[in-house]
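Structural overview for review
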Amino acid sequence: MMALTPLVYWAQRHEEIYLRVELTDAQNIDAHVHENILHFQALGHGARGQNLYEFSMEFLLPVESQVAFKSTQRQVNITVMKKQRGWWERLTKQERKPLFLAPDFDRWLDESDAEMEIREKEERRNKWKASRHNEKGKCGEKFLHLLVAEVSPLRIVSAAVCVSGFINLTTGFLFTYNLVQFLGFSWIFVNMTIRLLKFGEDSVYDTFHTISGVMFFCQILAAVEVLNAAFGLVRTGVIPTLIQVLGRNFVLFIIFGCLEEMQNKPVVFFVFYLWSAIEIFRYPFYMLGCFNTEWKILTWLRYSLWMPLYPLGALAEAVAIVQSVPIFDKSSLFSIPLPKAIGTSLRFAYFLRAYLVLMFLGLFVNFRHLYKQRQKRFRTKKKAH
C-alpha cells in the first residue's frame, strides 16, 4: 500500500508545538522525533479515503524527543515540547512551507496573545485559591444566616405567579429562539471576518473545519421555523420557509458534510458568509417584533439586503452543487443500484442536476415571496404616514 500525505494543522505556545493530523479512526499510529525530525505514520481515513498516511518534518529549533499524541474519531492530536522556551517565526527548518501544512486557526495565537493567556491562567489559579480560602470562613456565617432568615413561602409563590402571568409563553419562546439564532450567526460572521482579516486567503480554505459545528447547530435549529409557520406562531408561509430550510440543509449536510473533498474548497467560505450576513439582520428584526418594537434602520436592512445577498447565496450554493457532481460520479455515493438486466445504476449526480433546476424554481418562489413582503411592509408604512 502506497503511503499518502495527510493534512496537518499546527499552532504553538512558548513551550509547546501542537499538531492536528486530519485522519479519521486512525490506527497503528507511530509518531516519534529523531534528530529533530518528526516522523508520523498511521492507517486511517483521510482526504484520499482509507489508506496509509505518513509525513516527516524537521523543526526550526531543537525539540524534546518525547512525543505525546491522542487519537480521536476525527483526528490525531500531537504535542511536542520545545527544548527552550520561546516563540518561533515558523515551524519548519526549510523556509518554504510544506504543501500539507497549514495554520490551526482553532488554537492559533500571536506571541502577545499567548503571553496574555499565560497571565490569565495564573490569575484564575490565584483567584481560585483565594476563593477556596474565603469559602471556608464563610460557611458557618451562611448557615446561621439561613437559620434566622424570615422568608414567607406565600410571598414566593405569589411573586412566581405574577411573573409567569406577565410573560407570554409564545412571545418568550419566539424571542429566545431568535436570540439564540442571532448569537449563533453573529459568532459565525464575526469569526469569519476576523480570520479573513488576520490570516487572509489561508482562512478561506479552513472554513468548514472552524465554522461547521456552529453552522450545523443553527441550521438544525432552523427546522423550528417551519413548525412555527405550520402551527401559526408566526405569520409567514410554510412553503417558502420549508424551501429555504431544506435547501440550506441539503447543501450543508449532503454536499459539504458527506464529501471531504468539498470541505477545503473556497465555495464553503462564500456560502457560510452569505448565509450569516443575511441572518444577522433578520433575527434581531424578529426579536424586536416579539414586543411590537421597530428600529427603522434595521427594518430597512431586513427588507432590502436580501435583494443582493439572497441571489448571491443561491449562486454560491449552485457552484457547490456543480463542483460536487464529478465527485459523486466518481465515488458512486448515494447511487441506487438497478437490476443487472439494465446494467447500470441510478447515480446521485443525476438527481443533483435535476435539483439545480428545482433550486432555481425555489429561488423564484422565495424571491417573489420576499418581494411581496417588502412591498406590503413599506406600502403599509406610507399609508400610516
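Since we're looking at a predicted model, the values are computed, not measured.

Tallying secondary structure elements over the chain gives eleven helices and ten strands in all. The long-range share in the chain, meaning contacts at least 24 apart out of those at least 6 apart in sequence, stands at 68%. Summed over its atoms, the accessible surface of the chain is roughly 23500 Å², and 62% of this surface lies on carbon and sulfur atoms.

With 31 residues, helix H3 (residues 169-199) ought to run about 45 Å at 1.5 Å a step, and its terminal C-alpha atoms sit 44 Å apart, in line with that. Here H3 has its buried residues at Leu 174, Tyr 177, Asn 178, Gln 181, Gly 184, Phe 185, Ser 186, Ile 188, Met 192, Arg 195 and Phe 199. On its buried side, H3 packs onto helix H4 (201-205), helix H5 (207-221), helix H6 (223-230), helix H7 (238-256) and helix H8 (266-289). One or two positions beyond H3, positive phi appears at Gly 200, with a value near 65 degrees.

Here we come to unusual backbone geometry. A positive phi angle is found at Asp 25, which is not glycine, with a value near 50 degrees. With respect to the helices, strands and loops of the structure, Asp 25 is situated in strand S3 (residues 24-34). By relative accessible area, which is 47% here, Asp 25 ends up partly exposed. Located in the positive-phi region is Asn 36, a residue other than glycine, with phi close to 65 degrees. Along the chain, the position of Asn 36 falls in the loop between S3 and strand S4 (37-46).

Attention now goes to the sheet that holds strand S1 (residues 8-12). Reading across from one edge, S6-S7-S2-S1-S8 is the order of the five strands in this open sheet, with mixed pairing throughout. Only two strands of the sheet have a single partner each, and these edge strands are strand S6 (63-71) and strand S8 (101-103). Neighbour-to-neighbour, the strand axes of the sheet open up by a mean angle of 25 degrees, direction not taken into account. In the sheet, S6 pairs with strand S7 (residues 76-82) via six bridges, with the strands oriented antiparallel.

We now examine the packing of H5 against H7. If you want to describe how two helices pack, look at the angle between their axes and the distance between the axes. Where H5 contacts H7, the two axes come as close as 11 Å, and the packing angle between them is 140 degrees. On the basis of their axis angle, the class for H5 and H7 is oblique. H5 and H7 meet at a crossing whose hand is left-handed. Counting all contacts with H5, which are made through Phe 208, Met 215, Phe 216, Gln 219 and Ile 220, the residues of H7 involved are Arg 248, Asn 249, Leu 252, Phe 253 and Phe 256. In terms of residue class, the contact of H5 with H7 is built from seven nonpolar, two polar and one charged.

This part is about the sheet that holds S4. Within the open sheet, the three strands sit side by side as S3-S4-S5. Their pairing is antiparallel. Each edge of the sheet is formed by a strand with only one pairing partner; in this case those strands are S3 and strand S5 (49-58). Ignoring which end each strand starts from, the neighbouring axes of this sheet average 10 degrees apart. Inspection of the sheet shows S3 paired to S4 by seven bridges, in the antiparallel sense. Following the sheet pairing, His 32 is matched in S4 by His 39.

Parameters and conventions
- Residues numbered from 1 in each chain as written.
- Predicted model: local features only at pLDDT ≥ 70, side-chain atom pairs only at ≥ 80, totals over all residues.
- Heavy atoms only, no water.
- Helix = DSSP H or I, 4+ residues; strand = E, 2+ residues; numbered from the N terminus.
- Contact = heavy atoms within 4.5 Å.
- Areas by Shrake-Rupley, 256 points an atom, 1.4 Å probe, with all protein chains shown as cover.
- Expected span 1.5 Å × (residues − 1).
- Buried < 20%, exposed > 50% of the residue type's maximum accessible area, 1.4 Å probe, protein only.
- Pairing = 2+ DSSP bridges.
- Axes fitted to C-alpha atoms, helices over the stretch in contact; angles between N-to-C directions.
- Parallel < 35°, antiparallel > 145°, perpendicular 65-115°, else oblique.
- Left-handed = near helix turned anticlockwise from the far one by under 90°.
- Nonpolar A, V, L, I, M, F, W, Y, C, P; charged D, E, K, R; others polar.

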